[in-house]
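Examination of the molecular architecture
Listed here are the chains, written in short residue letters.
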Amino acid sequence: MEEIVQHLTPLLDQVTGYIYPNEIELHWGLLVVIYPYLTGLVAGAFILASLVKVFNVKELQPTYRLSLLTALAFIVIAPLPLLAHLGHPEKSFEIFLTPNVNSAMAMFGFVYAWYLMAVLLLELWFDFRQDLVTMANESKGFKRLFYRTISLFSKDLSEKAIAFDHKAVRVITIIGIPSAFLLHGYVGFLFGSIKANPWWSSVLIPIVFLFSAIVSGVALVILLYMVITPLRNKVVDMLCLDKLASYLFYIMIVDFSLEILDFIHRVYESEESISILASLVQNKLFSSLVIMQVLMGMILPLFTIAAVKTFKVPADLRKLLYFISAILVQVGIFSTRWNVVIGGQLFSKSFMGLTTYKMTFFGLEGLLVSIGLLIMPFIILWILIKILDPWRSEDAALSTPTTGQ
Amino acid sequence: MNNWISKIPEQIKLLAVVVTVIITAFLIVRPMLIPAGFGEQGHFRSGALNDAVAVQFKYAGKASCVECHDDMTDMLAGGYHKKLSCEVCHGPLAGHIDDPDENTPSFPRERTLCPVCHEYLSSRPTGFPQIVSQSHNSLKACISCHEPHDPVPPDVPSQCSACHGEISRSKAVSHHVDIECEFCHTTPELHKTSPRQYRPSKPQNREFCGQCHTKNSKHNTKAPRIDLATHETRYDCWQCHYPHLPEAR
């Protein structure tokens, strides 16, 4: 008792109005912000990749494999924040053993597993199979065994087999698009179906989540492409970059319209929660929602890309502007996740008061762990690129046209 | 037959092997990992019920104290704290029942316990006794003036604010700051000792407010004037203006 009183008293100073006792402290912190952010990047990167295969957008070919590997690198890390937040990660596999169909959260494990195993890994395997086999043939010893193993001891490099690979990739992508929608729509659904919370409970949330996911994924691939290409001593393909930027632009317009629609809908409906939500937005979320999410993360990049599209901007400046816009978009989407997760807990269910989120630095739920979790996908991506060498055939085609392989 | 199998692409065969391995491994491992008794009574391990039953009781409950401390339970039952449990102040005492001499209760004699319930908070209900502990006799322990098992103020409170903290604080910053509570509420003296039995009066009609606010009021105040006959006649004034913090704009 004494401890609890001592622990909560300083927090009480931050509280305005009337809130229930169990609302002083937030239960979902930074880690739960990172989780939808990461899954969003996965879904976004994947959908970008599928544009190449399903809709045959040739310009985007240079980023196809990069997007797929990005999706893989991020999806491996995506559940970690949840595991760290819940504690007892060693028990997490139990949700697979005893599936509970009544729990949306428990079923997410299956959505995740489906997407990882049946979509991403499968598509990557078919796409890289030819390369893996050749790489295995070219290397020896442990390396050879390794490539053999991940190619599942496949050997067939006949034209027919490769044609089959291409067909398989196409089919998986077609299944993959709804799966990617499901993956991130599901994350939105988890929030949108919490009917006790008016900030979350909305049928639009899954769709808004989905489009913001695509926005963030495309922006991430732009950033990665622009950083990695010079590191490989190659030249950025402006055609590809312009196309990426256009897609970013159009999807952002859709995303922005949806968010506006959600906003207008809430204001017009004016349910009893509207006044506390208004004060939430005007006080506690002003900088993260109005300034970071909407102005910096949405309007500024939209205007920048629109300007680039209308005026003839030289390539170097264009690159710089794209780069800055993509970074701003990342900041904006991260704020979106923040505003949903943290914002949804800052107001009392009594609709009469607001509390504050106090972030810690150390500890499992702290800033340090979160930064670590955000860096890890990039390390994994680096390792994946090292192992799989995604630009292999492309580079080969450039240096020595038509080798026998 | 052979021909038919060889037509299947190599990739499919390999993947089929992998998928079969995964599924068989899952099917073999699953029964071993699922805890015994799972699903017998629902989506949980039925042994969990026994675990819950086996949990050590920490609290004994008020009824169990009567046996040995009937003086105290009687005293508590007669006073304002009649609804409190003994253990909310003395701590969990299941052990004490078994062996009173070994497991002695704690005594919250400091000033920290009582304000958990009695510190002024605007959300507490009307009439709930509240104090601001920093200014309420701040140097002495609460129990030096209030018997914890039968708390009564040593003196009858002189101010309505002792129990109606929020209303008093609202009124203090309102346009009605200069009007005494008793002007609008005729309060029997006994209300301050037995507030629920002896209730003060409340204004009953529009004319009451009209005393000061109607056009031709003789009250020599700076009260803004309205026409009682035309100003929102279908409602009582306090359905729109909170009397303790009236607002008009």
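Of regular secondary structure, chain A possesses 16 helices and 2 strands. A total of 405 residues make up chain A; the buried ones form 50% of that total. A total accessible area of about 19,600 Å² is found for chain A, and carbon and sulfur atoms account for 70% of it.

A word on the overall build of chain B. A count of helices and strands for chain B gives 10 helices and 0 strands. Reading chain B from its N terminus to its C terminus gives the helix and strand order α-α-α-α-α-α-α-α-α-α. Looking at chain B as a whole, 17% of its 249 residues are labelled buried. Within chain B, residue pairs in contact and separated by at least 24 positions form 45% of the contacts whose partners lie at least 6 positions apart. Carbon and sulfur atoms make up 60% of the accessible area of chain B, which totals about 18,600 Å².

A word on a positive patch on the surface. Taken together, B:Lys82, B:Lys83, B:Arg196, B:Arg199 and B:Lys202 make up a surface patch of like positive charges. Within the secondary structure layout, B:Lys82 lies in the loop between α4 (66–78) and α5 (87–90).

Bringing a negative patch on the surface into the picture now. Judged by side-chain charge, B:Asp98, B:Asp99, B:Asp101 and B:Glu102 come together as a negatively charged surface patch. Topologically, B:Asp99 is positioned in the loop between α6 (94–98) and α7 (113–118).

A separate point is the nonpolar core. Residues and elements named next belong to chain A. The biggest cluster of nonpolar side chains holds 111 residues, and the ones touching the most others in it are Ile-75, Tyr-115, Leu-120, Phe-191, Leu-241 and Leu-248. For this core, the element with the highest residue contribution is helix α2 (residues 30–54), accounting for 18 residues. When sequence neighbours within four positions are dropped, the list of residues in contact with Tyr-115 reads Val-42, Phe-46, Ile-75, Leu-120, Gly-176, Ser-179, Ala-180 and Leu-183. Of all hydrophobic cores here, the second largest spans 5 residues; its members include Leu-11, Val-15, Ile-19 and Ile-24.

Looking now at the pattern of salt bridges. All names here are of chain A. What the rule picks out here adds up to 11 salt bridges over all chains. Ionic pairing is found between Arg-129 and Asp-165, a salt bridge with its closest N-O pair at 3.0 Å. Here Asp-165 lies in helix α8 (residues 159–192) and Arg-129 lies in helix α6 (residues 104–138), a separation of 36 residues in the sequence. One connected set of salt bridges, linked through shared partners, spans Arg-65, Asp-127 and Asp-131.

To describe two helices that pack against each other, one gives the angle between their axes and the distance between the axes. All names here are of chain A. Packing of helix α9 (residues 204–231) against helix α13 (residues 315–341) leaves a shortest axis separation of 9 Å and a crossing angle of 145°. α9 and α13 meet at a crossing whose hand is left-handed. In contact with Phe-209, Ser-212, Ala-213, Val-215, Ser-216, Ala-219, Leu-220, Ile-222, Leu-223, Met-226 and Val-227 of α9, α13 contributes Lys-319, Tyr-322, Phe-323, Ala-326, Ile-327, Val-329, Gln-330, Ile-333, Arg-337 and Val-340. For the contact of α9 with α13, the residue count by class is 16 nonpolar, 3 polar and 2 charged.

Residue and element names in this part refer to chain A. A positive phi angle, near 55°, is found at Leu-152, a position not held by glycine. In this structure, Leu-152 sits in the loop between α7 (141–150) and α8. The backbone of Asp-389 shows a phi angle near 45°, a positive value even though the residue is not glycine. You can see Asp-389 is positioned in the loop between α15 (367–388) and α16 (392–399). A relative accessible area of 29% places Asp-389 in the partly exposed class.

How each quantity is defined
Residues numbered from 1 in each chain as written. Chains lettered and ligands numbered in written order. Predicted model: local features only at pLDDT ≥ 70, side-chain atom pairs only at ≥ 80, totals over all residues. Heavy atoms only, no water. Helix = DSSP H or I, 4+ residues; strand = E, 2+ residues; numbered from the N terminus. Buried < 20%, exposed > 50% of the residue type's maximum accessible area, 1.4 Å probe, protein only. Areas by Shrake-Rupley, 256 points an atom, 1.4 Å probe, with all protein chains shown as cover. Contact = heavy atoms within 4.5 Å. Patch = residues over 30% accessible without salt bridge, like charges linked within 9 Å, V, L, I, M, F, W, Y side chains within 5 Å. Salt bridge = Lys/Arg side-chain N within 4 Å of Asp/Glu carboxyl O. Lys, Arg positive; Asp, Glu negative; His and termini not counted. Charge placed at Lys NZ, Arg CZ, Asp CG, Glu CD. Core = buried A, V, L, I, M, F, W, Y, C linked by side-chain atoms within 4.5 Å. Axes fitted to C-alpha atoms, helices over the stretch in contact; angles between N-to-C directions. Left-handed = near helix turned anticlockwise from the far one by under 90°. Nonpolar A, V, L, I, M, F, W, Y, C, P; charged D, E, K, R; others polar.

That's the geometry; what it means functionally is another story.
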